[in-house]
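So you can see what is in the structure, the chains are spelled out below.
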Amino acid sequence: MAISLVITIIVILVASLGGLLFGASYILDQSLKDPEVLVHPAISGNDIIVTIYEGEKVGELVQLSLEIEGYAPVVQNVPSGATQIVYVGIASQVTGTRNVGVRGIFTDGSVKLLKVIELRFT
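First, a word on what this report is: a plain description of the structure on this page. (Residues numbered from 1 in each chain as written. Predicted model: local features only at pLDDT ≥ 70, side-chain atom pairs only at ≥ 80, totals over all residues. Heavy atoms only, no water.)

1. Description of the overall build of the protein
To keep things clear, this is the line we draw: Put simply, DSSP H or I for four residues or longer makes a helix, DSSP E for two residues or longer makes a strand, and each gets a number counted from the N terminus. Relative accessibility decides the category of a residue: with a 1.4 Å probe and only protein chains considered, values under 20% of the type maximum give buried, values over 50% give exposed, and everything between is partly exposed. Throughout, a contact is declared for two residues whenever any of their heavy atoms are within 4.5 Å. Surface accessibility in these figures is a Shrake-Rupley result with a 1.4 Å probe; residues are shielded only by whichever protein chains are displayed.
On a plain count of helices and strands, the protein comes out with one helix and seven strands. Ordered by position in the sequence, the α and β elements of the protein form the string α-β-β-β-β-β-β-β. Each of the 122 residues in the protein was classed as buried or not, and the buried ones make up 25%. For the protein, contacts bridging at least 24 residues in sequence account for 47% of all contacts bridging at least 6. Element-wise, carbon and sulfur atoms account for 60% of the exposed surface of the protein, whose accessible area totals about 8,000 Å².

Structure follows, in C-alpha cells:
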C-alpha cells in the first residue's frame, strides 16, 4: 500500500515538473517571438503621438485605432513606411488617468490589439 502511494506521488511530481518545463519553454518562445507591430502612444500637449517601431506585420498595417477609456475610438490611416501617427487635439477634453489602447487594422482585414497603456491626462 505504501509503495503504491509513493509511486503515485513520484508520477504526479514528474508529470508536474514536465508540464512546468513545457509551459516555461512555451512562454519563453512566445515572448521572444517578433510582435506583429510594436507601437507606443504618448501624450504631447493636446495630441497623442503613436510611434510605430517594428514588427512582423508592420508592412501590412493600414490603420490604427486609438481607444481612450470612456471615449469613442478614433481611426487614422497609416501611410506606407510611417513611423508616427499624430492624433491632433484628441487629449484636449480628457482628464485623469485613463487606459489607452491601440489596435492595428491590417491589409487582410484582421484587427489586433497592439498596446494598452495607462496615461495621465491633465
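Picking up after the structure, the text goes on.
2. Points about the packing of aromatic side chains
How we decide: Only centres within 6.5 Å qualify two rings of Phe, Tyr or Trp (six-membered ring in Trp) as a pair; their planes then separate them into stacked at under 30 degrees, edge-to-face at over 60, and tilted for everything else. In our convention, an over-ring charge means Lys NZ or Arg CZ found within 6 Å of a ring centre and within 35 degrees of that ring's normal.
What the rule picks out here adds up to zero aromatic pairs. The ring of Phe106 carries the charged tip of Lys57 above its face, separated from the ring centre by 4.4 Å.

3. Here we look at the side chain of Lys57
Along the chain, Lys57 falls in the loop between β2 (47–54) and β3 (61–68). On the basis of relative accessibility, which here comes to 11%, the residue Lys57 falls in the buried class.

4. Comments concerning the nonpolar core
Defined as follows: Put simply, buried Ala, Val, Leu, Ile, Met, Phe, Trp, Tyr and Cys residues joined by side-chain atoms within 4.5 Å make one nonpolar core.
Counting 22 residues, the largest nonpolar core has Ile48, Val50, Ile52, Leu64, Leu66, Tyr87 and Phe121 as the members making the most contacts within it. Looking at this core, the elements with two or more residues in it are β2, β3, β5 (84–87), β6 (96–106) and β7 (111–121). Contact partners of Leu66, with chain neighbours within four places excluded, come to Ile48, Val50, Ala72, Pro73, Val74, Tyr87, Ile90, Val100, Gly101 and Val102.

5. A look at the side chain of Ser65
The condition is simple: Here a polar contact is taken to be a pair of N or O atoms separated by no more than 3.5 Å, where protein atoms must pair a possible hydrogen donor with a possible acceptor and residues adjacent in sequence count only if both atoms sit in side chains.
Here Ser65 lies in strand β3. By relative accessible area, which is 6% here, Ser65 ends up buried. Reaching out from Ser65, the side chain makes a polar contact with the side chain of Glu67 at a distance of 3.3 Å.

6. Re the environment of Glu118
Residue position: Glu118 is located in strand β7. Between the alpha carbons of Glu118 and Asn99 there is a distance of 4.4 Å; along the sequence they are 19 residues apart. With residues up to four places along the chain from it excluded, the contact list for Glu118 reads Thr97, Arg98 and Asn99.

7. Quick look at the pairing of strand β4 (residues 74–77)
A regular strand carries its side chains on alternate faces of the sheet. Rules: The rule for pairing is simple: two strands pair if DSSP sees at least two bridges between them.
Across four bridges, β3 lies against β4 in antiparallel orientation. Residue pairing for β4: Leu66 is matched across the bridge by Val74. The antiparallel hairpin formed by β3 and β4 contains five residues in its connecting segment, where Gly70 sits at a positive phi of about 90 degrees.

8. Points about the sheet that holds β7
What counts, and what does not: Every axis in this analysis is a line fitted to C-alpha atoms, fitted for helices over the stretch in contact. Angles between the N-to-C directions lie between 0 and 180 degrees.
The sheet built from four strands is open, its strands ordered β4-β3-β6-β7 with antiparallel pairing. Edge strands, defined here as strands with exactly one partner in the open sheet, are β4 and β7. In this sheet, adjacent strand axes meet at a mean angle of 20 degrees when their direction is disregarded. Bridge count between β3 and β6: seven bridges; the pairing is antiparallel. Bridged to Ser65 within β6 is Arg103.

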